[in-house]
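Residue-level structural notes
In case you want the letters, here they are:
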Amino acid sequence: MKVAVTGSSGLIGSALLPALRGDGHEVVTLVRRPPRDPSEIRWDPAAGTLDAAALAGVDGVVNLAGAGIGDHRWTTAYKQTLRSSRIDGTRLLAEALAGLDPRPRVLLSGSAIGWYGTNAGSAGAALDETAPPGTGFLAELARDWENATTAAQEAGIRVVRVRTGIVLSGRGGTLQRLLPIFRRGAGGRLGSGRQWLSWISLADTVDALCFLLEADGVRGPVNLVAPTPVTNAEFTSALARTLQRPAFAQVPRFALRLALGEFADEGPLASQRLAPATLVDAGFRFNHSDLATALADAVHRDA
């Protein structure tokens, strides 16, 4: 396939590109700076500009663009950045793809498990993709982000809305921020530690995206999470064992809220227990269903 990727410099995108090329796909990337070679296509979501003609002949698209959820304190301005970086770009891309002839076969468009809200599945079994939406800023953001793919879906393109959980990698994201703390022996559970965390290894994230590109029977929402969610306390213990360090600290809720503001309740204190039902039913096989194995790979081989 010829595959176009947005967000190719991010944690997932930078790991996805070599995997796609290794599978024999031709890859082009959408970039905001001037292109440096023919494999790059200029776009500017903020200005609403994209050279749609440069996408001619593309078979599949993976849309991963978006500002980091936990990279900055959630000021009014940064919350708008989070929205515009996802929604405006996705809408621009979907409309451009809908206008192509022939159109791509598939659009994998980023979303997040924040769609389910901050207390998803905590009281019972893990929730699958049939669960209703939640409430809160991230839930609203994810809904609008997914709805921005409407033009592509209405044009007959197979649209997969990829609701990604916490991606474990020593190269970025949540785990990278935790590693220095835990290596000093200062790690510990957050709040009560009873909140659920739906995680996935970086390797499985990449493999699942490659799988979904060619899984013609899969469309709509897909939970990109491992089949074994854990509580924050369980995650804390597993990471401490991996690093062979103590982790007796506890960060109270008020301290997290003081440090992180609104993000605390929708980020580290959120409880989200999700199941990858669609992936499993489609025949995808996880490399890392066990948290200890995933953490060992992330810490020792993915750093």
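Refer to the structure above for everything that follows.
Because the structure is predicted, anything quoted here is derived from the model rather than measured.

Here we look at the environment of P132
Tracing the backbone shows P132 in the loop between β7 (119-120) and α3 (137-147). The spatial distance from the C-alpha of P132 to the C-alpha of Y116 is 6.9 Å, given a sequence separation of 16 residues. With near-sequence residues (within four places) excluded, P132 lies in contact with W115 and Y116.

Describing the packing of aromatic side chains
Evaluated as defined, the whole model comprises five aromatic pairs. On the numbers, 5.1 Å between centres and 75° between planes, the contact of W115 with Y116 is edge-to-face. Classification of Y116 by relative accessible area gives buried; the value is 4%. A ring pair is formed by F284 and F286, whose centres lie 5.0 Å apart and whose planes are at 80°; its orientation type is edge-to-face. As far as burial versus exposure is concerned, F284 and F286 are alike and both buried. Following the ring pairs from residue to residue traces out a cluster consisting of W74, F137 and F263. Looking at R86, its charged tip hangs above the ring of W145, at a distance of 4.9 Å from the centre. Stacked on the ring of W115, the Lys or Arg R163 has its end atom at 3.7 Å from the ring centre.

Looking at the pairing of strand β3 (residues 40-44)
Strand direction decides the pairing type here: strand β2 (residues 26-31) and β3, joined by three bridges, are parallel. When the sheet's bridge partners are listed, L30 is paired in β3 with I41. Hairpin connection from β3 to strand β4 (residues 49-50): four residues lie between these consecutive antiparallel strands, with G48 at a positive phi of about 75°.

Points about the nonpolar core
Counting 29 residues, the largest nonpolar core has V5, L16, L20, L108, L212, L224 and L279 as its most contacted members. When contributions to this core are tallied by element, the ones reaching two or more residues are β1 (2-6), α1 (11-22), β6 (106-112), β8 (158-164), α6 (202-214) and β13 (220-224). Here the element with the most residues in this core is α6; it accounts for seven residues. Not counting residues up to four positions away in its chain, the partners in contact with L16 are V5, V62, L64, V206, L209 and C210. L93, A96, A152 and I157 belong to the second largest nonpolar core, which has 20 residues in total.

Some words on the environment of S109
Counting through the fold element by element, S109 comes out in strand β6. S109 gets classed as buried once you look at its relative accessible area, which sits at 1%. With 101 residues separating them in the primary sequence, S109 and S8 have C-alpha atoms 13 Å apart. Beyond its immediate stretch of four places on either side in the chain, S109 contacts N63, T90, T149, V160, R161 and V162.

Section: the pattern of salt bridges
Considering all chains together, one arrives at 10 salt bridges under this definition. A salt bridge links R177 to D71; the shortest N-O distance between them is 3.9 Å. Of this pair, R177 sits in helix α5 (residues 173-183) while D71 sits in the loop between β5 (60-63) and α2 (76-98), and the two are 106 residues apart along the sequence. The network of salt bridges with common partners includes E146, R161 and R163.

What counts, and at which threshold
Residues numbered from 1 in each chain as written. Predicted model: local features only at pLDDT ≥ 70, side-chain atom pairs only at ≥ 80, totals over all residues. Heavy atoms only, no water. Helix = DSSP H or I, 4+ residues; strand = E, 2+ residues; numbered from the N terminus. Contact = heavy atoms within 4.5 Å. Phe/Tyr/Trp six-rings, centres within 6.5 Å; stacked < 30°, edge-to-face > 60°. Buried < 20%, exposed > 50% of the residue type's maximum accessible area, 1.4 Å probe, protein only. Lys NZ or Arg CZ within 6 Å of the ring centre and 35° of its normal. Pairing = 2+ DSSP bridges. Core = buried A, V, L, I, M, F, W, Y, C linked by side-chain atoms within 4.5 Å. Salt bridge = Lys/Arg side-chain N within 4 Å of Asp/Glu carboxyl O.

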